[in-house]
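A closer look at the structure
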Amino acid sequence: MSDSTQKIGGGAINEKQRKFQQEDGSIPETEHKTFNPASRSHLMHAIEGLDRYPAYLNRWSEDDILLLEESLENQLKKVRQQKEAIKGKRTNLKTVVENLCTKEPEWLEFLSPPKSWEELKTSILDEQIAAAIFRSRWFRRSQNQLPALSVQNVIDGSVKVEIDGGNLEPIMDEEMFDVYSFPLLAPSFCAKLRSYFSRVIQELEEDTDESLSRGFQDLDNLGLGWLNSLLLHLIVRPVSSHLYIETELNGGDLDWRQGYIAAYAADPTATKPRQRLVPHTDDSEVTLNIGIGEEFSGGLLNFWGLRGTSEAGKLVGQYQPEIGRAAIHSGRHFHEVTAITSGNRFAYILWARSWGGVRSSTCPCCWLNRRDDGSCISGPKWN
Ligand SMILES: O=C(O)CCC(=O)C(=O)O
Ligand SMILES: [Fe+2]
């Protein structure tokens, strides 16, 4: 990735530049002929050794032990630096949101979770997905029990939602291999989300701390963590149990989410930092991508194949975002956002992971490359 793509207006994604391939396409030879735990493979071998063999370092030279210690300390330093930076950023964002709600108290209602199913149906969800949920056997059963299940129970993740496949099918389009779309949020809710987000952005733009405003904004930090949880438990888990249970989840469930607003502009600024997004895969098992507007041209989603398969480099199709409509795809499906040529483009992105499932039995390398034959050293066989 060249320097220019790292700047505002570039297409960068937040990944370190990799040496994976040289300009001529060849793979560089390893520079680490002796033990050097600054290299990822050596460090991982050492961590695996420490975990597997008693008194592992018995056979090591003093110098190599020192190198390992230094390398682990460097990792710890990274953790601590990021921890502090994130803490500061979150505290500042909280203050920005609090100040905004003091100035404009009408946002307080928007930021509070729906108190009833009726409120969820009429002010947040698209009517078709609402009907699919409320007509499902799970929902009808849950309303007949005492006490009846509340929206808050779903937000808390204390129940497993099931949406009948027969209700989903008629409202779901298979856009291309592995990518499906369906109506999810009411356009009026998208408009509110966009205006709230834009108001926060305006406040941030007045902030002198660039690091605060730069990048995509996590909704947990903007008082909308409940919306992330609601979408994980009410939508992404049940929909994924129909679409991705075998291919992405190995029969398991999703248990983690991160939800953020990705903001783009034809003329990027610190708070709408991107004009496009280069091809990448997500650090998620399943990604939900909801178009929330506003008016723009360009900004299409291109999909290639799945990482770790022979199709990885092949263009599979193009998806045009629509307000309120969600696209759902496997996180390891290569995708990009083409350049925005006019206007502003916002998408609400939710990444979902399965820490208790696939990620508990594969190392990151096997996960990325879809080696799931049970032979990974992180799997139960070795633990
Ligand atoms: O903006 C979009 O539609 C996609 C964003 C995306 O791919 C990402 O944030 O990982
Ligand atoms: Fe992505």
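Residues numbered from 1 in each chain as written. Chains lettered and ligands numbered in written order. Predicted model: local features only at pLDDT ≥ 70, side-chain atom pairs only at ≥ 80, totals over all residues. Heavy atoms only, no water.

Let's shift gears to the coordination of the iron ion (ligand 2). Reference values for coordination geometry: four tetrahedral donors around a metal ideally subtend 109.5 degrees, six octahedral donors ideally subtend 90 or 180 degrees. Protein coordination of the iron ion (ligand 2) is provided by His280 (NE2), Asp282 (OD) and His335 (NE2), with donor distances spanning 2.1 Å. Written as a sequence motif, the donor arrangement for the iron ion (ligand 2) is H-x1-D-x52-H. Of the two residues, Asp282 is situated in the loop between strand E5 (277-280) and strand E6 (286-291) and His335 in strand E11 (residues 333-337); the sequence distance between them amounts to 53 residues. Under the relative-accessibility criterion, Asp282 is labelled buried at 4%. (Donors = N, O, S within 2.8 Å, 3.2 Å for Na, K, Ca; no water. Helix = DSSP H or I, 4+ residues; strand = E, 2+ residues; numbered from the N terminus. Buried < 20%, exposed > 50% of the residue type's maximum accessible area, 1.4 Å probe, protein only.)

Two numbers describe how helix H2 (residues 40-52) lies on helix H3 (residues 62-103): the axes approach to 11 Å, and their chain directions differ by 100 degrees. Relative to H3, the element H2 is oriented roughly perpendicular. Taking contact as the criterion, the partners of Leu43, Ala46 and Ile47 in H2 are, on H3, Leu68, Ser71, Leu72 and Gln75. Across the contact of H2 with H3, the residue classes break down as five nonpolar, two polar and no charged. (Axes fitted to C-alpha atoms, helices over the stretch in contact; angles between N-to-C directions. Parallel < 35°, antiparallel > 145°, perpendicular 65-115°, else oblique. Contact = heavy atoms within 4.5 Å. Nonpolar A, V, L, I, M, F, W, Y, C, P; charged D, E, K, R; others polar.)

So, about unusual backbone geometry. Looking along the chain, the bond that leaves Leu146 and enters Pro147 is cis, with omega of -10 degrees. By the secondary structure assignment, Pro147 is in the loop between helix H7 (137-144) and helix H8 (151-156). Residue Asp178 is not a glycine yet carries a positive backbone phi of 75 degrees. Considering the arrangement of structural elements, one finds Asp178 in the loop between strand E1 (173-176) and strand E2 (179-183). In this structure, Asn250 takes a positive phi of about 45 degrees despite not being glycine. Looking at the secondary structure, you find Asn250 in the loop between helix H12 (225-243) and strand E4 (256-265). Overall, Asn250 belongs to the partly exposed group, its relative accessible area being 43%.

A few words on the pattern of salt bridges. Enumeration according to the criterion identifies 16 salt bridges in this entry. Close ionic contact of Asp253 with Lys160 constitutes a salt bridge, the shortest N to O distance being 3.6 Å. You can see Asp253 sitting in the loop between H12 and E4 and its partner Lys160 sitting in the loop between H8 and helix H9 (165-168), a full 93 residues away along the chain. Residue class for Asp253 comes out partly exposed when judged on its relative accessible area of 24%. Overall, the relative accessible area of 47% leaves Lys160 in the partly exposed class. Across the salt bridge formed by Arg359 and Asp283, the nearest N and O atoms sit 2.8 Å from each other. A residue pair is termed long-range when its members are at least 10 positions apart, and Arg359 in the loop between strand E12 (340-353) and helix H13 (364-368) and Asp283 in the loop between E5 and E6 qualify at 76 residues. A residue is classified by how much of its surface remains accessible, and Arg359, at 15% relative accessible area, is buried. If you follow the salt bridges from partner to partner, you end up with Lys103, Glu104, Arg199 and Glu203 in one network. (Salt bridge = Lys/Arg side-chain N within 4 Å of Asp/Glu carboxyl O.)

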